[in-house]
Every structure is written in structure tokens, then in C-alpha cells.
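Observations on the model geometry
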Protein chains: 2
Amino acid sequence: MSLRYALLALLTAEPLTGYDAAKRFGGSVGHVWHAPDSQIYPELRRMEKEGLIEGEQVRWGPKSTKTRYSITDSGVLAFREWMDSPLDYAPVRDAAHMRAAYFEWADPDSARDCLRRHIDHYADQIACWTVVRAAIVDATNATIAVRLRKYPAEEHERIVAFKAFAYDGLIARGEVEIEWARKGLELLDKVSPEKY
Amino acid sequence: MSLRYALLALLTAEPLTGYDAAKRFGGSVGHVWHAPDSQIYPELRRMEKEGLIEGEQVRWGPKSTKTRYSITDSGVLAFREWMDSPLDYAPVRDAAHMRAAYFEWADPDSARDCLRRHIDHYADQIACWTVVRAAIVDATNATIAVRLRKYPAEEHERIVAFKAFAYDGLIARGEVEIEWARKGLELLDKVSPEKY
DNA sequence: CTGAACTATCTATCTACATAGGTAGTTGGT
DNA sequence: ACCAACTACCTATGTAGATAGATAGTTCAG
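Residues numbered from 1 in each chain as written. Chains lettered and ligands numbered in written order. Predicted model: local features only at pLDDT ≥ 70, side-chain atom pairs only at ≥ 80, totals over all residues. Heavy atoms only, no water.

Looking up chain A in an unreviewed UniProt entry gives the name PadR family transcriptional regulator, with the organism given as Rhodococcus artemisiae.

See the structure below:
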């Protein structure tokens, strides 16, 4: 269901085609909610049927059109309602921690590999989040720039602060993941020293 | 696919019925990988068909039986192979952070609620993980006690250390989640002070 | 000896998501 | 004029997982 609200969130900033939306899921919202285009197009159609968004045909080149979706009042309402409703937490499914719990079954070098990849993975993510966060804070990020145009200047700081806050959470979490994996590498060095 | 390996992990300690396994998913592995029994029973049947585990009928009461599954050599091999293979990271889907990024659309009190629930949620989890971690370290935890019986005493510390390490990761992550939510509450107090 | 709680399963339906394609028009550079 | 890269969709199939049941035997306490 969250995909729907991720789409509504995007559409509160500006009207988008399915393709545009899909691209956003490679950045911006994509950092907190991933979705492939094969999920996005049908969901947009469903949302239109339910009146949350409205599609309009716009010219695209000499002999083609594309569908641009805008959020409706009913969509805004639905989004607001979701924003004000309690979240439910998905049950834990964490392959990395599960694997770590059974490291006695892994080759120590594979275990080390696993932790190094964990570090690399989160280091990459943090690098990405940090760049995007910076671009949001100084409004060089195109998406946020468009969004802010809908608000009076005195609200901008607040809105930017929320986005930055979200990214801070992702970054902080990434950092503990890295720290955890580092401790794991230390543990492995202690209990199963690397051959040299 | 990870459900399969979670089940194999369980079965490396001792043979289990589907029901036993399902119960384990309410604790032990369940802390890192959740699954409902309606997923477990069919998966066990599939695994038996593929020769990873073996079911044997055991008497249960005067006129009934139950199926107890044991891991086979092929199952142990498959588990080892998985343990030595690189993990792939699931794309991010994080409703809490997504919501935080759009807090300008929420009523400030709802936003506060959301963050307070976030804190409560992880506080509960941490409390649980801490208890289990302690029980593993001092071997009062039944599951780990059974598992350790299969190993010589000098390996016990290592095995326990891995489990403790996994729980440490969960706890550390829970703690940053709480810290993050606290900062969010501070931010809300700054940008949209509570009415009194 | 009865009822409640627990054990041991199984099913059926639904949605979300992953994966992997396909078609057809557009834009921009050489 | 052509080709590559991009835009704008759409489909189909498969699996994972959520949800909500049903059935039937067992154990144990009052």
C-alpha cells in the first residue's frame, strides 16, 4: 500500500507521467521506497480509477501522446489521512543479521567477505544519501526546488528540515551498520585469525 | 529464498516438526527472519522433495502422528553454500523514513505520535533482544543450549559470540532509530511547537 | 469427564514484488 | 538519413508473503 502513498507524495509536488514517476524511484523517494515501473504503471491506473489522481493526455512529438497524472483533492485528502494514521511495522527480515548469527557455519573468509560487502554497501548508500541531502539543503536538487515553489518562503526551511531529517536517519543507520560490520571483522580476527 | 535457509539453520541444531519450527519463528530466528506457519509447512514439504531435509513420522498420542524433519547431508551442504555465497541486498522500503520526509503534510501532533510510536516500537524490540541476548550468552536459552551440545566446549564461546554479535547489531540499530526519532521530536518542537 | 488451551497440520485467497521481457515513438548527434 | 539512446508505456509469469480461516487430535487442570 505504501507505493500508493509514495506516488501521491511525488504528485503533491508536480504532475508526472508514469515514466517520470518511475525515474523518481531511482532517486528522491527511491531512497526510502523502491518500486519497479512494472508496479508503477498499473498502480497509477488503479489510483486514477479510484479518483486519487487524474490523467490527462498531452502531446508528445508529432504523432504521439503521453499521460500526465495530477493529484486530485481526493488524493490530497487520502495522502493527508495516511500521513496522520499510525504506521504499522513490517516484520523483520534481515538476511545479513541472520547470516551473522550462524557464522560458525561459514568459512571465516566468506564471513569476512560478507561483512566487507556490508560495509561497502552502506558506504555507497551513505555517499549517495549525503550528496542528495546536501543538494536538498541548498535547493540545487531539482525535485525539491519544484516542490518549494508551491510554498511561501517562510515554510521552506521547515520542509527542507524534514527531508534532511529523513536522510539523517538513513545515514545514521548506515553508519551503525558499518560500525557493526567492523566489530564483526574484529571478532572474526579474534576467534578465527586470517591465514597469512 | 531466505526462509529456506532460516529453516535449515534451525534444523542444524535439532530435528523439528513444522509446528516447532513455526514457534521458533516467534523467537530465535524470528528476531531476524519472520515467517507465518502457512509459509513454513509448504516450504518444508518442498525442501523434503528436494532432499534437503527428511521427514519421519513419529507417534503423537494414542491415535496420531506428527512429521519430524531432520536436515540431510545435502541440506547441510546447501546451507554451507548459502553461508559462503554473497548476500544480495533488498531494495529499501522504509515507510517510517518516507513519512518523515513528508512531515509537512502531517498534522504536527500526528507526526509526534508517529515518532513516539517509533521510539516505543524499537524500545520494545530492544528490551526483547537484550533479554534473549543475555540468555544466549549465559546459555539459559534452550535453543542455544541444544545447539551447543553438538560442539566441543572450546567452540562454544565462538558460537555464542556470533549470536551475540548479531543481536548487538539489532540493538545498535534500534538505538539509532530511537535517537533519530528523538531528534525528530526536537525538530518538531522547534518548527511547530506543541500547543499548550 | 469436561472444557480450555495447546499441538499439528492444511487450505485458500490476495496482494506485493521481482524478473524479464515487448512495442513504438522521440530526440539528438554524425 | 540513420543510429543510438531515451521516453513512454504495456504484459506476463512467478514467487513471497499477508491474512484468515478450517480440522482434528492432545494434554491437563478443575
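**A closer look at the pattern of salt bridges**
Side chains that differ in sign of charge can pair as their charged atoms come close. Residues and elements named next belong to chain A. Summed over the entire model, instances satisfying the criterion amount to 28 salt bridges over all chains. Between E56 and R68 there is a salt bridge whose closest N-O contact spans 3.9 Å. Within this pair, whereas E56 is found in strand β2 (residues 53-59), its partner R68 is found in strand β3 (residues 65-71), the two being separated by twelve residues in sequence. Overall, E56 belongs to the partly exposed group, its relative accessible area being 40%. Relative accessible area serves as the criterion here: at 33%, R68 is assigned to the partly exposed category. One salt bridge connects E155 with R158, and the closest N-O pair in it is separated by 3.7 Å. Remark: R158 and E155 occur in helix α8 (residues 153-191); sequence separation between them is three residues, near one turn of the helix. Via salt bridges that share partners, R4, E43, R46 and E50 belong to a single interconnected network. (Salt bridge = Lys/Arg side-chain N within 4 Å of Asp/Glu carboxyl O. Helix = DSSP H or I, 4+ residues; strand = E, 2+ residues; numbered from the N terminus. Buried < 20%, exposed > 50% of the residue type's maximum accessible area, 1.4 Å probe, protein only.)

**A few points about the pairing of β2 of chain A**
Residue and element names in this part refer to chain A. Pairing analysis gives seven bridges linking β2 to β3, with the strands arranged antiparallel. Across the sheet, residue R59 finds its bridge partner in β3, namely T65. Counting the residues between successive antiparallel strands, the hairpin from β2 to β3 contains five residues, one of them, G61, with a positive phi of roughly 70°. (Pairing = 2+ DSSP bridges.)

**Quick look at the interface of chain A and chain B**
Between chain A and chain B, the contact holds 70 residues from the first and 70 residues from the second. The junction of chain A with chain B conceals about 6900 Å² of combined surface from both sides, 66% of it contributed by carbon and sulfur atoms. Across the chain A-chain B interface, the total number found is six salt bridges. Residue E104 of chain A is joined to K163 of chain B by a salt bridge in which the shortest nitrogen-to-oxygen separation is 2.9 Å. There are 31 residue pairs in polar contact (both at pLDDT 80 or more) connecting chain A and chain B. Listing elements by their share of the side of chain A that touches chain B, those giving two or more residues are α1 (2-11), α4 (73-84), α5 (95-101), α6 (108-137) and α8 of chain A. For the side of chain A that touches chain B, the leading source of residues is α8 of chain A, giving 20 residues. Taken together, the residues of the side of chain A that touches chain B sort by class into 41 nonpolar, 14 polar and 15 charged. (Contact = heavy atoms within 4.5 Å. Buried area = accessible area lost by both parts, 1.4 Å probe. Polar contact = N/O pair within 3.5 Å; in protein donor to acceptor, adjacent residues only side chain to side chain. Nonpolar A, V, L, I, M, F, W, Y, C, P; charged D, E, K, R; others polar.)

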